[in-house]
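# Geometric and topological summary
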Amino acid sequence: MKRRLVDLAHARSGDKGDTANIGLIALKPKDYPILVKQVTAARVARHFKGMINGPVERFELPNLHALNFLLHGALDGGGTVSLKTDAQGKVFSTALLRMEIEVKT
Amino acid sequence: MISRPTTVRVAGGQGFWGDWLEAPYRQVTGGPVDYLMMDYLAEVTMSILQKQKSRDPARGYASDFITQMERILPTVVERGIKVTANAGGVNPRACAMAVAAVARKLGLSGRLTIGVVTGDDLLGRLDGLIARGHDLKNLDTGRPLHDVRDRVLSANAYLGAAPVVEALQRGAQVVITGRVTDTGLTLGPLMHAFGWADDAWDRIAAGTVAGHIIECGAQCSGGNCLHDWKRIPDMANVGYPIVEARGDGSFDIVKHPRTGGRIDVASVTEQLVYEMGDPNAYITPDGVADFTTIQLKQAGKDRVRVSGIKGKPATDKLKVSVAYFYGYKAVGTLVYAWPDALEKAKAADRILRQRLDDLGLTFEAMHTEFVGADATHGPLGLKDIDVAAIPEVQLRVGVRARDEAPVDRFTREIAPLILNGPPSVTGFAGGRPKPEEIVAYWPALIDKKMVEPAVELIET
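We now turn to the structure provided with this report. Going along each chain's sequence as written, the residues are numbered from 1 onward. Following the order in which they are written, the chains are lettered starting with A and the ligands numbered starting with 1. Selection of residues for local features in this predicted model requires a pLDDT of at least 70, selection of side-chain atom pairs for listing and counting requires 80 or more, and totals for whole chains, interfaces and linings are taken over all residues. Only hydrogens and water are set aside; all other atoms, that is, all heavy atoms of the structure, feed into the side-chain values.

On to the nonpolar core, then. All names here are of chain B. Among the buried residues, those of types Ala, Val, Leu, Ile, Met, Phe, Trp, Tyr and Cys that are joined through side-chain atoms within 4.5 Å form a nonpolar core. Only protein chains enter the accessibility calculation, which uses a 1.4 Å probe; a residue whose area is less than 20% of its type maximum is buried, one above 50% is exposed, and one in between is partly exposed. Core analysis: the largest hydrophobic core is formed by 72 residues, its most contacted members being Val209, Ile213, Phe251, Ile253, Leu272, Val306 and Ile446. Starting at the N terminus, helices and strands are each numbered in turn, a helix being any DSSP run of H or I of at least four residues and a strand any DSSP run of E of at least two. Top element by residues in this core is helix H8 (residues 201-214). It accounts for 7 residues. The residue makeup of this core includes at least three contributed by each of domain 1 (7-120 + 158-315) and domain 2 (325-442). Note on contacts: a residue pair is in contact if any heavy atoms of the two residues lie within 4.5 Å. In this view, Phe251 contacts Ala206, Val209, Ala210, Ile213, Val243, Glu244, Ala245, Arg246, Val304, Arg305, Val306 and Ile309; residues no more than four positions away in its chain are not counted. Listed in part, the 40 residues of the second largest apolar core include Leu41, Ala96, Ala98 and Leu108. Each domain's limits were defined by an automated method or a database of domain assignments.

Following this line, the structure appears as structure tokens:
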């Protein structure tokens, strides 16, 4: 069945220049492998299509049951240059939590 | 033989300049702490402070810090608490003199030694450095600093924990720095208290991770915590974090008793991933921490044990933060009400854009958001809601240009829409938006050997 990431994970994001980071953390450690398998860099790039101008990188932190995504070109120049409300990418993480993934029932 | 403590408690008192004014006082009075760490410097703060200093050579530091010190100094002196703060901005010496004056006013003359850390300010040395082949390439774009040299407003190398350690070893009770890393303000006290060597890479990594966890204040103790946020107790009385460290590099994150908030594995994990790049290599001037080695365990109520951290040797570079004048921007807003709130806002945006176009104005960027509909989640959120039912939408339009003229003209095109655009519009009480100067950030690297941190002591 399809589940939204918000039911399986929590998240926090921040910025480095024009790059937003999203740390995605499994609510239950047993769900971490599902995140690793389904929330790929390519899938995240498709999710944010039209919202970011650069590539998506992914790093794994199995010790924290977390994935870290770097979304390049996400902040209209970032920091003081950006014209966005979320110029520092503070809530980009919540937009990722809308993603639906397939979970075995 | 120097006797070493079993545990050392470093309290986080400010996560940024503008953080909760009550926090430092509560941290030094709410229970035992050995050190109070306060972080004041964001990337753009240095350029603001540089501007202040150019107008008045006695300014250029975080003025709020002086008010804070006036409030906490009697307790700090009485209890022997040491303070580390990068509140010095671009004028750490003036900041220290202001604190010394406060100490004298409080009757603490002769009872306080202040350490001042300088050497991070490269503004006066830039031309010499560039001439000697240090081109300070932008880490994002690869362009040499030469391209914007005439617009540079401030340039500071990020110093690490070493000068903080030196100041503490020479007897400073309050250490005031310029651009020292946020993490160095926590690592320095731990290196000093436990006598950690500057090549004890695992311990340096551990102290760095400890610093990262508490450098944003309550953001690790329940603040801005998405996990189970509705049930985090007593946030009005939130407890700021304390690192309770041991000499082997393991530490607990705790807070004072009878405070609100929550410290659990989830809240600490959220802070660990905040602003994270490559977790295998969190690079600081002091060493490189591997975040994939961090082990977290709930060790009691509001107590998370952190252990297992591995580090790698420091690089031979320091990061440099340059601020330069970029251009101008302005943001204008109007609020449109139901019925058809979003449609009206979209129509207003189209009209505005056509008028700007007809005026022949060009911008480097023009950005429209419909706050309440798509500002933070783009099109992703609109799929799930009945758009026609939205009670109101804020049209928010921003423009950016190298010159002020087109930006200024843009600011005069918002208000007319109230009478000559789509209906049901309000929310213009703030008046015409003002063109704003953009100070942009230029990250670069420099050879470590080119930067000489200096420490001096001031007696009160």
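Attention now moves to the interface of chain B and chain A. Contact with chain B, which involves 48 residues of that partner, is made by 36 residues of chain A. By buried area we mean the combined loss of accessible area, with a 1.4 Å probe, across both parts when two parts are placed together. Here chain B meets chain A over a buried area of about 3,500 Å², counting both sides, of which 59% is carbon and sulfur. Area buried by chain B at its contact with chain A is led by Glu275(B), His377(B) and Leu380(B), which between them contribute 17% of it. Each salt bridge in this description consists of a side-chain nitrogen of Lys or Arg and a carboxyl oxygen of Asp or Glu lying within 4 Å of one another. Our count for the contact surface shared by chain B and chain A stands at 4 salt bridges. In this structure, the salt-bridge partner of Arg400(B) is Asp76(A), at a minimum N-O distance of 3.2 Å. Here a polar contact is recorded for every N or O atom pair within 3.5 Å, except that within protein the pair must consist of a potential hydrogen donor and a potential acceptor, and residues adjacent in sequence are included only if both atoms are side-chain atoms. Counting the contacts that link chain B with chain A gives 27 residue pairs in polar contact (both at pLDDT 80 or more).

The subject of this paragraph is the sheet that holds strand S2 (residues 9-16) of chain A. Sheet strands pair by backbone hydrogen bonding; their relative direction is either parallel or antiparallel. Any two strands with at least two DSSP-identified bridges between them are counted as paired. Read across the open sheet, the 4 strands follow the order S2-S3-S5-S4 (chain A); overall the sheet is antiparallel. Edge positions in the sheet fall to S2 and strand S4 (56-61) of chain A, since each has one partner strand and no second. Across the sheet, the mean angle separating the axes of adjacent strands is 20° when strand polarity is ignored. Note: S4(A) against strand S5 (residues 66-71) of chain A, 6 bridges, orientation antiparallel. Bridged to Val56(A) within S5(A) is Leu71(A). Here helix H9 (residues 265-272) of chain B sits on the sheet in contact with S2 and strand S3 (19-26) of chain A, set at roughly 25° to S2(A). Note on geometry: axes are C-alpha line fits, over the in-contact stretch for helices, and angles between N-to-C directions span 0 to 180 degrees.

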